[in-house]
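# Observations on the model geometry
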Amino acid sequence: MEKGEDSSTFKMGNSAPGPAQKIIGPCAMSLPYVPDCYVVPPSCEPCDSNSEIVPTIDVSRLKGGDDERRGVIRELSLACQHLGFFQIVNHGINQNILDDALEVARRFFELPAKEKKKFMSNDVYAPVRYSTSLKDGLDKIQFWRIFLKHYAHPLHRWIHLWPENPPGYREKMGKFCEEVKELSIEIMGAITESLGLGRDYLSSRMDENGMQVMTVNCYPPCPDPETALGLPPHSDYSCITILLQNLAGLKIFDPMAHGGSGRWVAVPEVTGVLKVHIGDHVEVLSNGLYKSIVHKVTLNEENTRISLASLHSLGMDDKMSVPCELVTDENPVRYKESSFKDFLDFLVKNDISQGDRFIDTLRIKD
């Protein structure tokens, strides 16, 4: 850090600076205006804050009797077909573990810039990287976001690469990752069961050899939240993403609303509730019956939003394909097979900020 620079300084003008020019901190973007490079085109889609349309599922009932489990499976199937999104309660993760993970995430972003820049990278293949926006200066539009990504499964293979600071980061974030990983196996088992494939259809491929990518996001206060976004509309490549956040800001797209023209739905924040996103690879797995959820992140004028997104998929090179059990003459294969590595290759070559979606490259055209 050069003399006179502070960890909360963010150098920028009308265009996005490169990573070498950025000094990023929790108040990194504390400017009285939004620079041109962050201004997004105005959205014409209507928005609904009615939380009643967001499904909430009590996943403790998955451990109940057969009838109770079947009831939960039906709820989950409907949520996956309609929205590709649901909230879960009674998930079994202690509130202290959730709170500790959010706290060490917040403290990481408060570290001096010199400490965080140890992990700065634009290499999307890196197992640990710290950056901004989506690809840090390479996107046509920049996004009001700072993030740390690190691989998290199996934990013993990756945790030594994680930040040592703040103290307790590895321990507390690691505990959260382990608990969420276990929960993801249970939810994926319910999803495959709902498709008639059985609860163990993917269990070994996801548990023993699967990927878990933890994305730790920081969205600083924005002086004009209506003109910028934390993240643009997109879907996740993963099978599922399990999200924890400290503040509201997530919006999901309901494509069936308004006669099929769709609307954005603001997802409320309720303490202890986790959000589950259906990703592109479950859309492939279901042969299009379940849809990956398109979502975006809006901003707050006064408060910093922290979110922890745990993305779960098959192994790096393990291809997700449509099961033969879901293919008939009337319902042929509708998607190409793909892997996490294929998504990373897509990310390098495409600009998600311009609406490019990985799932669109997988659909087989009639």
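Residues numbered from 1 in each chain as written. Predicted model: local features only at pLDDT ≥ 70, side-chain atom pairs only at ≥ 80, totals over all residues. Heavy atoms only, no water.

The name an unreviewed UniProt entry gives the protein is Fe2+ dioxygenase-like, with Arabidopsis arenosa as the organism. Check the Sequence similarities (unreviewed entry) section of the UniProt entry for the protein; it says "Belongs to the iron/ascorbate-dependent oxidoreductase family." Per UniProt, the protein carries the Function (unreviewed entry) text "Involved in the regulation of shoot development and salicylic acid (SA) homeostasis." (UniProt positions renumbered as here; feature names shortened; annotations may be inferred.)

### Observations concerning the overall build of the protein
Counting its regular elements, the protein contains nine helices and 13 strands. Residue burial in the protein is summarised as follows: out of 366 residues, 55% are buried. Counting only contacts in the protein whose residues sit at least 6 apart along the sequence, the fraction spanning at least 24 positions is 75%. As presented, the protein carries roughly 15,700 Å² of accessible surface, and 49% of it is formed by carbon and sulfur atoms. (Helix = DSSP H or I, 4+ residues; strand = E, 2+ residues; numbered from the N terminus. Buried < 20%, exposed > 50% of the residue type's maximum accessible area, 1.4 Å probe, protein only. Contact = heavy atoms within 4.5 Å. Areas by Shrake-Rupley, 256 points an atom, 1.4 Å probe, with all protein chains shown as cover.)

### Looking at a negative patch on the surface
Taken together, Asp 224, Glu 226, Glu 301 and Glu 302 make up a surface patch of like negative charges. Inspection of the secondary structure assignment puts Glu 301 in the loop between strand 12 (295-297) and strand 13 (305-313). (Patch = residues over 30% accessible without salt bridge, like charges linked within 9 Å, V, L, I, M, F, W, Y side chains within 5 Å. Salt bridge = Lys/Arg side-chain N within 4 Å of Asp/Glu carboxyl O. Lys, Arg positive; Asp, Glu negative; His and termini not counted. Charge placed at Lys NZ, Arg CZ, Asp CG, Glu CD.)

### Details of the side chain of Ser 194
Note that Ser 194 resides in helix 5 (residues 169-194). What Ser 194 contacts, discounting residues up to four positions off in sequence, is Ile 73, Leu 76, Ser 77 and Tyr 290.

### Some words on unusual backbone geometry
Cis geometry is adopted by the peptide bond preceding Pro 154, which originates at His 153 and carries an omega value of -5°. Cis peptide bonds are those with omega within 30 degrees of zero, and the linkage from Asn 165 to Pro 166 qualifies with 0°. Within the secondary structure, Pro 166 sits in the loop between helix 4 (155-158) and helix 5. Positive phi, normally seen in glycine, also occurs at Asn 90, with a value near 50°. Relative to the elements of secondary structure, Asn 90 occurs in the loop between strand 3 (85-89) and helix 2 (95-109). You will see that Asn 287, though not glycine, has its phi angle at about 60°, which is positive. Turning to its location among the elements, Asn 287 is positioned in the loop between helix 7 (280-285) and strand 12.

### What to know about helix 2
The end-to-end C-alpha distance of helix 2 is 22 Å, a good match for the 21 Å that 15 residues give at a rise of 1.5 Å each. Those residues of helix 2 that fall on the buried side of the exposure criterion are Ile 97, Leu 98, Ala 101, Leu 102, Val 104, Ala 105, Phe 108 and Phe 109. Seen along its axis, helix 2 keeps its buried residues to an arc of 165°; they face one direction. A side-chain oxygen of the first residue of helix 2 lies 2.7 Å from the backbone nitrogen of Asn 96; this N-cap is Asn 94. (Expected span 1.5 Å × (residues − 1). Arc of directions from axis to C-beta. Polar contact = N/O pair within 3.5 Å; in protein donor to acceptor, adjacent residues only side chain to side chain.)

### Let's talk about the pairing of strand 11 (residues 274-278)
In terms of burial, strand 11 is a largely internal element, five of the five residues being buried. What you see with strand 11 is no split at all: Leu 274, Val 276 and Ile 278 on one side and Lys 275 and His 277 on the other are buried throughout. Pairing between strand 8 (residues 240-245) and strand 11: four bridges, direction antiparallel. Within strand 11, the residue paired with Ile 240 across the bridge is Ile 278. (Pairing = 2+ DSSP bridges.)

### A closer look at the environment of Tyr 33
As for its position among the elements, Tyr 33 is in the segment before strand 1 (47-48). Looking at Tyr 33, the relative accessible area reads 39%, which means it is partly exposed. Taking the C-alpha atoms as reference, Tyr 33 lies 6.9 Å from Asp 224; in sequence the two are 191 residues apart.

### Topic: the pattern of salt bridges
Counted according to the given criterion, the structure contains 16 salt bridges. Linking Glu 269 and Lys 275 is a salt bridge whose minimum nitrogen-to-oxygen distance equals 3.2 Å. In this structure Lys 275 comes out as buried when scored by relative accessible area, which is 0%. As a salt-bridge pair, Asp 360 and Arg 363 come within 2.4 Å of each other at their nearest N and O atoms. Since its relative accessible area comes to 39%, Asp 360 is described here as partly exposed. A network of salt bridges, in which partner residues are shared, links Arg 69, Glu 193 and Arg 199.

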